[in-house]
Amino acid sequence: MKHARVFGVNCFFAFVFFSAAALALAQESAQSPAVSGEKAPEDQLKMQTKKIGLVIHGGAGTIERSKMTQDREREYRAGLERALAAGYEILKQGGASLDATEAAVHVLEDDPHFNAGKGSVFTSAGTNEMDGAIMDGKTLSAGAVAALKHVKNPISLARLVMEKSGHVMMDGEGAEAFARENGIELVDQKYFFTQERWDALQKIKAMEKHRTGAAGKRIPITDQDRHGTVGAVALDKNGNLAAATSTGGTTNKRPGRVGDSPVIGAGTYANNATCAVSATGDGEYFIRATVGHDVSTLMEYRGMSLKEAAQAVLDKVAKLGGTGGLIAIDREGNMALPFNTAGMYRGYVDPNGEYVVEIYK
Ligand code: ASP
């Protein structure tokens, strides 16, 4: 009994002593200004807000439910989920938003359902020409590639251009020579052949013939026959934003035509002060509306929210006559995915870490 009492008294004194010491320490740290090596309050706040976020798209257009079989829809959804998983795994482990966006786009480039990499559409000459870009919101560094014919994963070459070329944008043969020098995988054009994209080209060519020549039956051309793109935007735990976009462009485009995807400030843009954006749609209109940069500046100069800014810019595209959509994320992790077409292949990771994939309105 006696032992127990002595032990209890000792515990009491120990508790008082440690509490007082802890209090003194807390007071000291509250009073003392931040000294070198310590974090300023703003930095401490940043460290506490370790939100991460990822949004992806696989192109916008006339995606009609009636034309979509269950199997097909399942395949599209599975592809989007795989892309989300590839990107989110990196973010969850504390990786960089640049790596996450590149990884997500890589998956979609390898999936023949999407118009980028493997599933790229055909030019009027029956070739495949791909564009892409990536941007780092922290440094405003960017890499863009255009009119590639043999690069299996254009997004990785865009990243290399950003990091190693000393340039921002490279195209065609010069870009592919740079890829070769740096061990980026090049493939034969045959790799990009898919029957579906080839049929879409024939359909559009037939329609053009009818339009310019004798009257014939109307051939319905969907946006899906015409274009598509893939993209990803992400926020990592260090508050860095990144955007990546990759595309085969538009079916039946003239060889040499470049769309909005590799145009920094149009189809792709990222800035830690505001947001990261990746667009999809009629590239010519998205370039003229400087979509990505406009979303950013509306937030920066007008104080608009991400959602308001994204919608305002898409409305501007529509006013010019363009259709499509965009995905965007801001530094707080807010997301926006507006589109003015019947559907947009898209996905994001919700605040509980669940993958959400959607296609229609
Ligand atoms: N924006 C792409 C381009 O014009 C196509 C698309 O996203 O549908 O090249």
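Higher on the page you've got the structure.
Residues numbered from 1 in each chain as written. Predicted model: local features only at pLDDT ≥ 70, side-chain atom pairs only at ≥ 80, totals over all residues. Heavy atoms only, no water.

Trainee: What should I look at first to understand the nonpolar core in this one?
Mentor: Nonpolar side chains in soluble globular proteins tend to be buried together. The biggest cluster of nonpolar side chains holds 42 residues, and the ones touching the most others in it are Leu54, Ile56, Leu157 and Tyr345. Leaving out residues up to four positions away in the same chain, Leu157 has contacts with Val145, Leu148, Val151, Ala175, Phe178, Ala179 and Ile184. (Core = buried A, V, L, I, M, F, W, Y, C linked by side-chain atoms within 4.5 Å. Buried < 20%, exposed > 50% of the residue type's maximum accessible area, 1.4 Å probe, protein only. Contact = heavy atoms within 4.5 Å.)

Trainee: What is the right way to read the sheet that holds strand E11 (residues 343-349) from this model?
Mentor: Within the open sheet, the 8 strands sit side by side as E4-E3-E2-E6-E5-E1-E11-E12. Their pairing is mixed. With partners counted over all chains shown, the strands left at the sheet margins are strand E4 (169-171) and strand E12 (355-360), one partner each. Averaged over all neighbouring strand pairs, the angle between strand axes comes to 10°, with direction disregarded. The sheet contact formed by E11 and E12 spans 5 bridges and is antiparallel. In the sheet register, Gly347 faces E12, and the bridge partner there is Val357. Relative to the sheet, helix H3 (residues 70-92) contacts strand E1 (53-61), strand E5 (230-235), E11 and E12, its axis offset from that of E12 by approximately 145°. (Pairing = 2+ DSSP bridges. Helix = DSSP H or I, 4+ residues; strand = E, 2+ residues; numbered from the N terminus. Axes fitted to C-alpha atoms, helices over the stretch in contact; angles between N-to-C directions.)

Trainee: Just to check I follow, could you spell out the packing of aromatic side chains for this structure?
Mentor: Each aromatic ring pair is described using two quantities: the centre-to-centre distance and the angle formed by the ring planes. As enumerated under the stated definition, the model contains 8 aromatic pairs in all. Relative to Phe114, the ring of Tyr76 has its centre 5.4 Å away and its plane inclined at 80°; by these criteria the two rings are edge-to-face. A residue pair is termed long-range when its members are at least 10 positions apart, and Tyr76 in helix H3 and Phe114 in the loop between helix H4 (97-110) and strand E2 (130-136) qualify at 38 residues. In terms of burial, Tyr76 and Phe114 fall into one category: buried. Aromatic pair Phe193 and Trp198: ring centres 6.0 Å apart, planes at 45°, arrangement tilted. Residue classification places Phe193 among the partly exposed positions, given a relative accessible area of 36%. Aromatic ring contacts, followed pair by pair, group Tyr76, Phe114 and Tyr345 into a single cluster. (Phe/Tyr/Trp six-rings, centres within 6.5 Å; stacked < 30°, edge-to-face > 60°.)

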